[in-house]
Amino acid sequence: MSAAGKPVAMVSGGSRGIGAAVVRALSADGFAVSFGYRGAEEAAAELAAETGGLAVRADVTDPEAVGAWLERTKSELGSVRALVTSAGITRDRPVALMSAAEWGDVLRTDLDGVFTVCQPVVFDMIKRKAGSVVTLSSVSGVYGNPTQANYSAAKSGVIGFTKALAKEVGRYGVRANVVAPGLIETDMLAEMAEPAREKLRASVPMRRFGTAEEVADLVSFLVSDKAGYINGSVLEITGGLTV
Ligand code: NDP
């Protein structure tokens, strides 16, 4: 609980996209939210001002920075009740042309970064016998996606990691679940040219991309007590893309 009596949430990659929508949703739910970011200082400061949250530069590939973020969160807000890992990058290329750096960057951020953030927070949650963790995977991690072998491998890894975690911590009153979005309208998709975007949009039964707010609503539900018996689940949010 924070000094103001609010439960505390941490969100990695909270400065933009889905992470920013999660920061807004959890703030509206009554959480005191501490969010990490890598470079988008201005967006982070604006979001902190808007939500009353705490923004801390914390690259998930840097365990020391993540440790400092957690310590600042605990000392300024209190012990962490909910953790959402949204930090992620893509470096798309067919396997035959993919460089070791493109492979490594994605694995370090999207998979190692999840461990780096979860490990110390989960340790505290077990001690306090309460908590909820939501990791962001992707349909690419469930089904695989061409040109995204690095991302698909990392996001599959996130699912395995979260399922194992759920089995470890359930007995301590801590839950861990995965959200696997399909095509969501954020900077990640905006980088694509319009003809490719149109083709993708047409492949969704609902004929539109999802919004970051729709994903945040699912995350908000999962961390809440309404989802008290959901543990180790992978929830797809795709507009029917994978049916
Ligand atoms: P965006 O590109 O919009 O935002 C990415 C966020 O991650 C930013 O806040 C960015 O910080 C942060 N970030 C990136 N690298 C690091 C790092 N090394 N350390 C700390 N923070 C970092 O992505 P989305 O919101 O679209 O994606 C959020 C999550 O959802 C990701 O894990 C993504 O893989 C997943 N997802 C997204 C889908 C989509 O269609 N958009 C579909 C399926 C899954 P900064 O702003 O400082 O750069």
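Structure first, text after, so check above.
In this text the structure is predicted, and so the values were computed from the model without any measurement.

Some details on the side chain of T162
And then number 1: Within the secondary structure layout, T162 lies in helix α6 (residues 149-169).
And then number 2: The residues contacting T162, other than those within four sequence positions of it, are T135, A176, N177 and V178.

With respect to the environment of N231
And then number 1: Residue placement: N231 occurs in the loop between α9 (212-223) and β7 (234-237).
And then number 2: At 2.9 Å, the side chain of N231 and the backbone nitrogen of A176 are in polar contact.

Side note on the site of the ligand
And then number 1: As a structural note, the neighbourhood of the ligand is formed by 30 residues, with S15, R16, G39, Y151 and T186 the closest of them.
And then number 2: R16 has a polar side-chain atom sitting 2.7 Å from an oxygen atom of the ligand.
And then number 3: Within the side chain of T186, one N or O atom sits 2.5 Å away from an oxygen atom of the ligand.
And then number 4: Here the ligand loses 96% of its free accessible area of 900 Å² to cover by the protein chains.
And then number 5: Of all the secondary-structure elements, those providing two or more residues to the shell around the ligand are α1 (17-28), α6 and α7 (187-190).
And then number 6: In terms of residue class, the shell around the ligand is made up of 13 nonpolar, 12 polar and five charged.

What about the packing of helix α3 (residues 63-76) against helix α4 (residues 100-128)?
And then number 1: Orientation of α3 relative to α4, taken along the N-to-C sense of each, is 35°, at an axis distance of 9 Å. For the pair α3 and α4, the crossing hand works out as right-handed. Counted together, P63, V66, W69, L70 and K74 of α3 and T116, V117, P120, V121 and D124 of α4 form the full contact between these two elements.
And then number 2: Grouping the amino acids of the contact of α3 with α4 by side-chain chemistry returns seven nonpolar, one polar and two charged.

Looking at the pattern of salt bridges
Pairs can form between side chains of opposite charge once their charged atoms are near each other.
And then number 1: As enumerated under the stated definition, the model contains 15 salt bridges in all.
And then number 2: For R24, the salt bridge is made with E50, and the minimal N-O distance between the two is 2.7 Å. With R24 in helix α1 and E50 in helix α2 (residues 41-51), this residue pair connects regions lying 26 residues apart in the sequence.
And then number 3: When its relative accessible area of 48% is taken as the criterion, E50 is described as partly exposed.
And then number 4: Between K127 and D124 there is a salt bridge whose closest N-O contact spans 3.8 Å. Of this pair, K127 and D124 both sit in helix α4, three residues apart, which is roughly one turn of that helix.
And then number 5: With a relative accessible area of 13%, D124 lands in the buried category.
And then number 6: Among the charged side chains, a network of salt bridges with common partners joins E185, E194, R197, E198 and R201.

The rules behind these values
- Residues numbered from 1 in each chain as written.
- Predicted model: local features only at pLDDT ≥ 70, side-chain atom pairs only at ≥ 80, totals over all residues.
- Heavy atoms only, no water.
- Helix = DSSP H or I, 4+ residues; strand = E, 2+ residues; numbered from the N terminus.
- Contact = heavy atoms within 4.5 Å.
- Polar contact = N/O pair within 3.5 Å; in protein donor to acceptor, adjacent residues only side chain to side chain.
- Near = heavy atom within 4 Å.
- Areas by Shrake-Rupley, 256 points an atom, 1.4 Å probe, with all protein chains shown as cover.
- Nonpolar A, V, L, I, M, F, W, Y, C, P; charged D, E, K, R; others polar.
- Axes fitted to C-alpha atoms, helices over the stretch in contact; angles between N-to-C directions.
- Left-handed = near helix turned anticlockwise from the far one by under 90°.
- Salt bridge = Lys/Arg side-chain N within 4 Å of Asp/Glu carboxyl O.
- Buried < 20%, exposed > 50% of the residue type's maximum accessible area, 1.4 Å probe, protein only.

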